[in-house]
Amino acid sequence: MYFPDDTLAYLQGRQYTNALPVQFIFDEEDYVYRTQIDILCDIAAGKNVIHLGCVDHNIETITHKIKRKKWLHSRLCQHAARCHGVDIQEEGIRYIQETLGYKDTSCNDIFSDNFADIIAADNWDYLLIPEVLEHIEAPTSFLRAIARKYRNSFSKLVLTVPNGLSQDNYRLARQGTETINSDHRFWFSPYTAAKTIIAAGFDLEKILMCRHGTISWRAWRRNRFFRKHPLLRNDILCLASFQ
């Protein structure tokens, strides 16, 4: 999914309007209904990647997702040439290392000298930041600091965020309800996700809309609906380059 050329000036802040209609350009890939995990695993296949936020909230969340084969870090490790997981949650990292056996992980702030040493010790392809940005107090400043510190360490940034335009949100809103992770600070749209990435100093290459969670192939009516309407899926995946 791409933005029209005349939208770039607004994304870069060179033009302004309080009612910008964005008519997205879709290609064949956009009409393939896929999960976030499947797309990330394809991107990571055969690559050296850093997975930021590998603990996924807490130990209980990890064990629940492992039972459903939805724990992203384990899936990434199956596909990547190397996948180093990093998180600031010490207890979760200890559990991942000692109980689950994922030794290629570390408890680090990504702006620390310790983490910079890990980055310097190998050649990396992608920095993956899935479902993290919505938890950050100042997402643009966070990404700008990453761009400044690691522009020579990675070729690509891949991040995912929840889609505020999703059909699920619309359906719940009609019932007077918002269902949300209680730690989230933001909902994103494709435009606001792109605006945040570009303002941080990255070159946005592409956006893909995907399913956060599993896809039941027995739910063929729902799947057909989401294949036809990419913007109503519940997750946004952005691929960007370090300048």
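The preceding data block contains the structure.
**Student:** Explain the overall build of the protein chain here, please?
**Tutor:** Regarding its fold elements, the protein chain presents 10 helices and 7 strands. A globule of 243 residues ought to have a C-alpha radius of gyration of about 18 Å, and the protein chain, at 18 Å, matches this closely. Projecting the C-alpha coordinates of the protein chain onto the three principal axes gives extents of approximately 50 × 45 × 35 Å. Residue pairs at least 24 apart in sequence account for 77% of intrachain contacts in the protein chain once pairs closer than 6 positions are excluded. Carbon and sulfur atoms make up 48% of the accessible area of the protein chain, which amounts to about 12700 Å² in all. If you average the places of the 30 positive and of the 29 negative side-chain charges in the protein chain, the two averages end up 8 Å apart.

**Student:** Sorry, what's going on with the state of the cysteines here?
**Tutor:** Defined simply, a disulfide is a covalent bond joining two cysteines at their sulfur atoms. Tallied over the entire structure, the rule returns 0 disulfides. Left without a disulfide partner, C83 is nearest to the cysteine sulfur of C77, which lies 4.3 Å away. Among the residues examined, C83 registers a relative accessible area of 5% and is labelled buried. Between C238, a cysteine without a disulfide, and C210, which holds the nearest cysteine sulfur, the sulfur-to-sulfur distance is 9.5 Å. Overall, the relative accessible area of 1% leaves C238 in the buried class.

**Student:** Sorry if this is basic, but what is going on with helix α9 (residues 190–199) here?
**Tutor:** Helical geometry: 3.6 residues make up each α-helical turn, so side chains three or four residues apart lie on a common side. Looking at α9, one finds that the buried residues are P190, A193, A194, T196, I197 and I198. Against the buried residues of α9 lie α1 (8–11), α7 (139–150), β5 (156–162), β6 (202–210) and β7 (235–242). Directly after α9, the chain includes G201, whose backbone phi takes a positive value near 105°.

**Student:** What is the right way to read the sheet that holds β5 from this model?
**Tutor:** Think of a sheet as strands paired side by side through backbone hydrogen bonds, with each pair either parallel or antiparallel. Strand order across the open sheet formed by 7 strands is β3-β2-β1-β4-β5-β7-β6, with mixed pairing between neighbours. In the strand order of this sheet, the two ends are held by β3 (105–107) and β6, each with one partner. Within the sheet, the average angular offset between the axes of one strand and its neighbour, ignoring direction, is 20°. Sheet analysis places strand β1 (residues 48–52) next to strand β4 (residues 126–130), joined by 3 bridges and oriented parallel. In the sheet register, H51 faces β4, and the bridge partner there is L128. Along the sheet face, helix α4 (residues 72–79) touches β1, β2 (82–87), β3 and β4 and points at about 155° away from the line of β2. In this fold helix α5 (residues 90–98) packs onto β2 and β3, with an angle of close to 155° to the strand it touches most, β3.

**Student:** I would appreciate a short explanation of the environment of F115 in the present structure.
**Tutor:** Along the polypeptide, F115 turns up in helix α6 (residues 113–120). For the pair F115 and V86, spaced 29 residues apart in sequence, the C-alpha to C-alpha distance is 8.7 Å. Look past the residues within four positions of F115 in its chain and what remains in contact with it is I50, H84, V86, N108, D109, I110 and Y150.

**Student:** Looking at this structure, I do not really get the pattern of salt bridges. What am I missing?
**Tutor:** Note that side chains of opposite charge can pair when their charged atoms are close. Applying the stated rule across the entire model yields 13 salt bridges. The closest approach of N and O atoms between D56 and K65, which form a salt bridge, is 2.8 Å. By relative accessible area, which is 16% here, D56 ends up buried. Given the relative accessible area of 17%, K65 is considered buried. Residue D104 is joined to R82 by a salt bridge in which the shortest nitrogen-to-oxygen separation is 2.8 Å. A residue pair is termed long-range when its members are at least 10 positions apart, and D104 in the loop between α5 and β3 and R82 in strand β2 qualify at 22 residues. On the basis of relative accessibility, which here comes to 27%, the residue D104 falls in the partly exposed class.

**Student:** What should I look at first to understand the environment of E29 in this one?
**Tutor:** Within the secondary structure, E29 sits in the loop between α1 and α2 (36–44). Note on E29: relative accessible area 38%, which makes it partly exposed. Residues E29 and A81, spaced 52 residues apart in sequence, show a C-alpha to C-alpha distance of 25 Å. When neighbours within four sequence positions are excluded, E29 is seen to be in contact with K206 and L208.

Conventions we followed
- Each chain has its residues counted from 1, running along the sequence as written.
- It should be noted that, the model being predicted, local features are given only for residues of pLDDT at least 70 and side-chain atom pairs only at 80 or more, the latter also being counted only at that level, while totals for whole chains, interfaces and linings use all residues.
- Water and hydrogen atoms play no part in the side-chain values, which are based on all heavy atoms of the structure.
- Numbering of helices and strands runs from the N terminus; a helix is a DSSP stretch of H or I covering at least four residues, while a strand is a stretch of E covering at least two.
- A radius of gyration in this sense is built from C-alpha atoms; the matching globule rule multiplies 2.2 Å by the number of residues raised to 0.38.
- Throughout, a contact is declared for two residues whenever any of their heavy atoms are within 4.5 Å.
- The method behind every accessible area is Shrake-Rupley, applied with a 1.4 Å probe, and residues are considered shielded solely by the protein chains displayed.
- The positive count covers Lys and Arg only, the negative count covers Asp and Glu only, and His and the chain ends enter neither.
- The atom standing in for a charge is NZ when the residue is Lys, CZ when it is Arg, CG when it is Asp and CD when it is Glu.
- For this text, the term disulfide refers to a pair of cysteine sulfurs within 2.5 Å.
- With a 1.4 Å probe rolled over the protein chains alone, any residue whose accessible area is under 20% of its type maximum counts as buried; one over 50% counts as exposed, and the rest are partly exposed.
- Here, any two strands with at least 2 DSSP bridges between them count as paired.
- Each axis is a line fitted through C-alpha atoms, and for a helix only the stretch in contact is used; angles between axes span 0 to 180 degrees, taken between their N-to-C directions.
- The term salt bridge refers to a pairing of a side-chain nitrogen on Lys or Arg with a carboxyl oxygen on Asp or Glu at a separation within 4 Å.

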